[in-house]
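Spelled out from the first residue to the last, the chains are:
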Amino acid sequence: MALYATLAAPAAADGGTTTAKPTIVLVHGAFADASSWNGVVERLERRGYTVVAPANPLRGLYSDSTYIASVLDSIKGQIVLAGHSYGGALISSAAEGNPRVKSLVYISALMLDVGESGMSLGAKFPSELGTATKSVPYRAGGVSGTDLYLKADRIHPVFAADLPESTTRVMAVTQRPAATTAFSETAKVAAWKHIPSWFLVAKQDKTINPDQERFEAKRAGSHTVEINSSHVAMISHPDAVTDLVLRAATASDSARPALAASGSTPDARAEAALTGIAAASLIAGTGAVLLGRRLRRAAS
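What counts and how
- Residues numbered from 1 in each chain as written.
- Predicted model: local features only at pLDDT ≥ 70, side-chain atom pairs only at ≥ 80, totals over all residues.
- Heavy atoms only, no water.
- Phe/Tyr/Trp six-rings, centres within 6.5 Å; stacked < 30°, edge-to-face > 60°.
- Helix = DSSP H or I, 4+ residues; strand = E, 2+ residues; numbered from the N terminus.
- Buried < 20%, exposed > 50% of the residue type's maximum accessible area, 1.4 Å probe, protein only.
- Pairing = 2+ DSSP bridges.
- Lys, Arg positive; Asp, Glu negative; His and termini not counted.
- Salt bridge = Lys/Arg side-chain N within 4 Å of Asp/Glu carboxyl O.
- Contact = heavy atoms within 4.5 Å.
- Polar contact = N/O pair within 3.5 Å; in protein donor to acceptor, adjacent residues only side chain to side chain.
- Axes fitted to C-alpha atoms, helices over the stretch in contact; angles between N-to-C directions.
- Left-handed = near helix turned anticlockwise from the far one by under 90°.
- Nonpolar A, V, L, I, M, F, W, Y, C, P; charged D, E, K, R; others polar.
- Parallel < 35°, antiparallel > 145°, perpendicular 65-115°, else oblique.

1. Let's talk about the packing of aromatic side chains
Logical step 1: Applying the stated criterion to the full structure yields four aromatic pairs.
Logical step 2: With 5.9 Å between their ring centres and 10° between their planes, Y106 and F199 make a pair best called stacked. Linking Y106 in strand β4 (residues 101–107) with F199 in strand β8 (residues 197–202), this pair joins segments that are 93 residues apart in sequence. Comparing Y106 with F199 shows no difference in burial state: the two are buried.

Laid out in structure tokens, this is it:
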């Protein structure tokens, strides 16, 4: 058993919490800007956290996630990375290879696996988003493409039904479009396979099907809560969103996700724990054999 204790100790020691507060990075989604996080930012700052809410370029999964990764590189210490909607797809890519990202938080978000796109995953879980968007060609710096906008009269029923219509009228005027490549490009990595994740399912979401959100969270082994919210939970329910982010920020470093359903492999901590268990089983089995032999000798 002394050998078992020695082998298991590193895994158990990893479970301690850190005293320094992590920086919390909030990534907004399509059709929005960083001000959509205002209510959450105010609450987190009152609790003494440093918060960064960068401007998401909304030009494509690859370029946007690279940009967010560069923002993370500028931050010292541990990071809690949260994403809303399309921002969820970005944090899954931007966190890859960054050991300072301690947890990921998804707010009614896209949570892509390798080879998936927003379009391909959404096709499996239809929502009303397709009825709420319009395509507009754009040109910029010699580059052309297609932007997606929300139709002004569909923002309230599809995007933000639990906000006043006066608010959604302003959102229609100030929205930031997303290039179609934001949803058509496929994910090359999925950091949620080895970074602990938390997920807020918006049960009244008509932009991303709540069943898709549940599927993503279950697949990733996320710590999950469900609330009665539209797609923009961080605006309509900032207390609930802040609470989930705080859970991720204060969780033990050993709060690893369950093995992903897509076939990921256990991380180093899990392998260490398994090694310890195997060693204990071996020692216990050997002890039982030796004890049996002694008893037989005594009986004879």
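2. Some words on the sheet that holds strand β5 (residues 133–140)
Logical step 1: Judged by pairing direction, the sheet is antiparallel, and its three strands sit side by side in the order β5-β6-β7 without closing on themselves. Pairing within the sheet leaves two strands with one partner each, and these edge strands are β5 and β7 (178–179).

3. Concerning the side chain of D64
Logical step 1: With respect to the secondary-structure elements, D64 resides in helix α3 (residues 61–73).
Logical step 2: Buried within the structure, D64 lacks any salt-bridge partner; its nearest side chain of opposite charge belongs to R59, at an N-O separation of 6.1 Å.
Logical step 3: Those residues in contact with D64, other than ones at most four positions away along the chain, are N56, P57, L58, R59, Y86 and L90.

4. Brief notes about the environment of E185
Logical step 1: Looking at the element boundaries, E185 is found in the loop between α8 (181–184) and β8.
Logical step 2: Once the C-alpha coordinates of E185 and S117 are considered, the two residues, 68 residues apart in sequence, prove to be 5.7 Å apart.
Logical step 3: Aside from chain neighbours lying at most four places away, what touches E185 is G60, L61, Y62, E116 and S117.
Logical step 4: One polar contact links the side chain of E185 to the main-chain amide nitrogen of L61, over a distance of 2.9 Å.

5. Quick word on the pattern of salt bridges
Logical step 1: For the structure shown, the criterion picks out eight salt bridges.
Logical step 2: Among the ionic pairs, D147 bridges to R59, the shortest N-O distance being 2.8 Å. In this pair, D147 sits in strand β6 (residues 143–150) while R59 sits in the loop between β2 (51–52) and α3, placing the two residues 88 residues apart along the sequence.
Logical step 3: Relative accessible area serves as the criterion here: at 29%, R59 is assigned to the partly exposed category.
Logical step 4: The closest approach of N and O atoms between R154 and E128, which form a salt bridge, is 3.5 Å. Residue R154 is located in the loop between β6 and α6 (155–159), and its partner E128 is located in the loop between α5 (118–124) and β5; the two are separated by 26 residues in the primary sequence.
Logical step 5: Classification of E128 by relative accessible area gives partly exposed; the value is 32%.
Logical step 6: In this structure, a network of salt bridges that share partners links the residues D211, R214 and E226.

6. A look at the sheet that holds strand β3 (residues 79–84)
Logical step 1: Strand order in the open sheet made by the six strands is β2-β1-β3-β4-β8-β9, with parallel pairing throughout. Two strands in the sheet have a free side with no partner beyond their single neighbour: β2 and β9 (223–227).
Logical step 2: The pairing of β4 with β8 spans four bridges and is parallel. What sits directly across from V105, in β8, is W198.
Logical step 3: Along the sheet, helix α4 (residues 86–94) contacts β1 (23–27), β3 and β4; its crossing angle with β3, the most-contacted strand, is approximately 145°.

7. Examining the packing of α3 against α4
The geometry of a pair of packed helices is captured by two quantities: the angle between their axes and the separation between those axes.
Logical step 1: Contact pair α3 / α4: the axes reach a minimum separation of 8 Å and the direction vectors enclose 65°. The chirality of how α3 crosses α4 is right-handed. On α4, the residues that touch L61, D64, S65, I68, A69 and L72 of α3 are Y86, A89, L90, S93 and A94.
Logical step 2: Here the contact of α3 with α4 is composed, by residue class, of eight nonpolar, two polar and one charged.

8. Comments concerning the pairing of β9
Side chains on a regular strand alternate between the two faces of the sheet.
Logical step 1: The sheet contact formed by β8 and β9 spans five bridges and is parallel. Looking at β9, one finds that A202 is bridged to I227.

9. Side note on the packing of helix α2 (residues 38–46) against helix α11 (residues 238–250)
Logical step 1: Contact pair α2 / α11: the axes reach a minimum separation of 9 Å and the direction vectors enclose 50°. Classified by the angle their axes make, α2 and α11 are oblique. Relative to α11, the crossing made by α2 is right-handed. Residues G39, V40, R43 and L44 of α2 form the contact with α11, whose participating residues are P238, D239, V241, T242, V245 and L246.

10. With respect to unusual backbone geometry
Logical step 1: For L58, which is not glycine, the phi dihedral falls at a positive 60°.
Logical step 2: By relative accessible area, L58 is classed as buried at 0%.
Logical step 3: Even without glycine at this site, S85 takes up a positive phi of about 55°.
Logical step 4: Relative to the helices and strands, S85 is located in the loop between β3 and α4.

11. Concerning α4
Logical step 1: Counting buried positions along α4 yields nine of nine residues, so the element is predominantly enclosed.
Logical step 2: Regarding α4, the residues found buried are Y86, G87, G88, A89, L90, I91, S92, S93 and A94.
Logical step 3: Looking at the packing, one finds that the buried side of α4 touches β1, α3, β3, β4 and α8.

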